[in-house]
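Here's the letter readout for the chains.
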Amino acid sequence: QAERFRRRRRALARRAGARARERAGSEQKSGSNAPSGTSASPRNVGRNPNKPLEISRFTYKLVIRSGKLIEDRYTPIQAHVAMINSKEDVYHVMKALKSLRETSGARCFTMAYRVRDKGGNILSGRSDDTEERTGLKLLRVLEMAQVIDVVAIVTQWAGL
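### Looking at the overall build of the chain
Each helix and strand counted, the chain has three helices and seven strands in total. The helix and strand sequence of the chain, counted from the amino end, reads α-β-β-β-β-α-β-β-α-β. Counting the 160 residues in the chain, one finds 31% classified as buried. Entry remark: accessible area of the chain is about 10900 Å², with carbon and sulfur atoms responsible for 50%.

Given below as structure tokens:
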């Protein structure tokens with residue numbers, strides 16, 4: 001079983017390398033003038049970082065701010081942050097992000113939050129979605145920064 005796993009990983013690495021070489025060749029042929037670190041893909045993914053998204057809740061609004069779209073190993077990634085007042089707000093922020101046209105094609109929504117309850121205790125939680133232990137790492141970053149009443153979500157799309 002371990003040998004089968006190793007073979008599968010090698011096959012995936014070969015395919016990823018072939019796709020990377022293919023992309024590099026097509027960008028050189030087309031003469032793409034896209035600056036490094038940006039996607040030359042015709043597909044439009046990610047939210048505009050300059051336009052925050054507002055969600056109305058009973059007596060207050062939740063504002064989701066989106067970061068700049070970056071690309072890591074041909075995978076577009078974008079971070080989103082929102083100030084929250086309760087654990088229930090996490091659900092509403094996730095629901096709003098998943099329903100947007102710009103993020104509907106994302107393959108992974110990793111999330112971590114820290115919020116203070118009515119008794120003054122700090123509640124924290126995370127969701128790894130399809131990535132292993134990434135929610136835990138994101139939660140550790142929130143804890144090291146000592147932020148409270150915040151939800152952080154990282155959105156990943158499949159390699160373009």
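Let's pick the thread back up.
### Regarding the pattern of salt bridges
Within this structure, the stated rule accounts for three salt bridges. The partner of Asp72 in a salt bridge is Arg73, and the shortest N-O contact between them spans 3.0 Å. Taking relative accessible area as the criterion, Asp72 reaches 33% and is therefore assigned partly exposed. Across the pair Arg140 and Glu143 runs a salt bridge, and its minimum N-O distance is 3.8 Å. Residue Arg140 and its partner Glu143 are both found in helix H3 (residues 134–145); the two are separated by three residues, about one turn of the helix.

### Here we look at the confidence of the model for the chain
Put simply, the chain has an average pLDDT of 78, and 74% of its residues get 70 or more. Confidence scores differ between elements of the chain, with helix H1 (residues 2–30) showing the lowest mean pLDDT of 67 and strand E7 (residues 150–156) the highest of 92. For the stretch residues 30–42, pLDDT sits under 50, and the model shows nine contacts to residues farther than four places along the chain or on other chains.

### Focus on the nonpolar core
In this structure, Ile64, Ile84, Val93, Met111, Tyr113, Val151 and Ile153 are the most contacted members of the largest nonpolar core, which totals 20 residues. Looking at this core, the elements that each hand over two or more residues are strand E1 (53–57), strand E2 (60–66), helix H2 (87–99), strand E5 (108–116) and E7. A total of five residues in this core trace back to one element, the largest contributor, which is H2. Apart from the residues lying within four places of it in its own chain, the contact partners of Val151 are His80, Val81, Ala82, Ile84, Val90, Val93, Met111, Ala112 and Tyr113. Core analysis: the second largest hydrophobic core is formed by six residues, Leu138, Leu139, Leu142 and Val150 among them.

### A look at the side chain of Gln156
Within the secondary structure layout, Gln156 lies in strand E7. By relative accessible area, which is 15% here, Gln156 ends up buried. Among all residues touching Gln156, those that are not within four sequence positions of it are Thr75, Pro76, Ile77, Ala106, Arg107, Cys108 and Glu131.

### Quick word on H2
All buried positions along H2 are accounted for by Asp89, Val90, Val93, Met94, Ala96 and Leu97. Down the axis of H2, the smallest arc covering the buried residues is 165°, so these residues share one side. Residues Tyr91, Lys95 and Ser99 are exposed on H2 and point more than 90 degrees away from its buried face.

### A short note on the pairing of E7
In terms of burial, E7 is a largely internal element, six of the seven residues being buried. In this sheet, E7 lies alongside strand E4 (residues 75–83) in antiparallel orientation, the contact comprising seven bridges. Bridged to Ala82 within E7 is Val151.

### Brief notes about the side chain of Ser66
Summarising the element assignment, Ser66 is placed in strand E2. Among the polar contacts made by the side chain of Ser66, one reaches the side chain of His80 at a distance of 2.9 Å.

### Description of unusual backbone geometry
In this structure, Arg73 is a non-glycine residue whose phi angle is positive, near 50°. Inspection of the secondary structure puts Arg73 in the loop between strand E3 (70–72) and E4. Assessed through its relative accessible area of 70%, Arg73 is described here as exposed. A positive phi angle is found at Tyr74, which is not glycine, with a value near 65°. Summarising the element assignment, Tyr74 is placed in the loop between E3 and E4. When its relative accessible area of 33% is taken as the criterion, Tyr74 is described as partly exposed.

Calculation criteria
- Residues numbered from 1 in each chain as written.
- Predicted model: local features only at pLDDT ≥ 70, side-chain atom pairs only at ≥ 80, totals over all residues.
- Heavy atoms only, no water.
- Helix = DSSP H or I, 4+ residues; strand = E, 2+ residues; numbered from the N terminus.
- Buried < 20%, exposed > 50% of the residue type's maximum accessible area, 1.4 Å probe, protein only.
- Areas by Shrake-Rupley, 256 points an atom, 1.4 Å probe, with all protein chains shown as cover.
- Salt bridge = Lys/Arg side-chain N within 4 Å of Asp/Glu carboxyl O.
- pLDDT = per-residue confidence, 0-100.
- Contact = heavy atoms within 4.5 Å.
- Core = buried A, V, L, I, M, F, W, Y, C linked by side-chain atoms within 4.5 Å.
- Arc of directions from axis to C-beta.
- Pairing = 2+ DSSP bridges.
- Polar contact = N/O pair within 3.5 Å; in protein donor to acceptor, adjacent residues only side chain to side chain.

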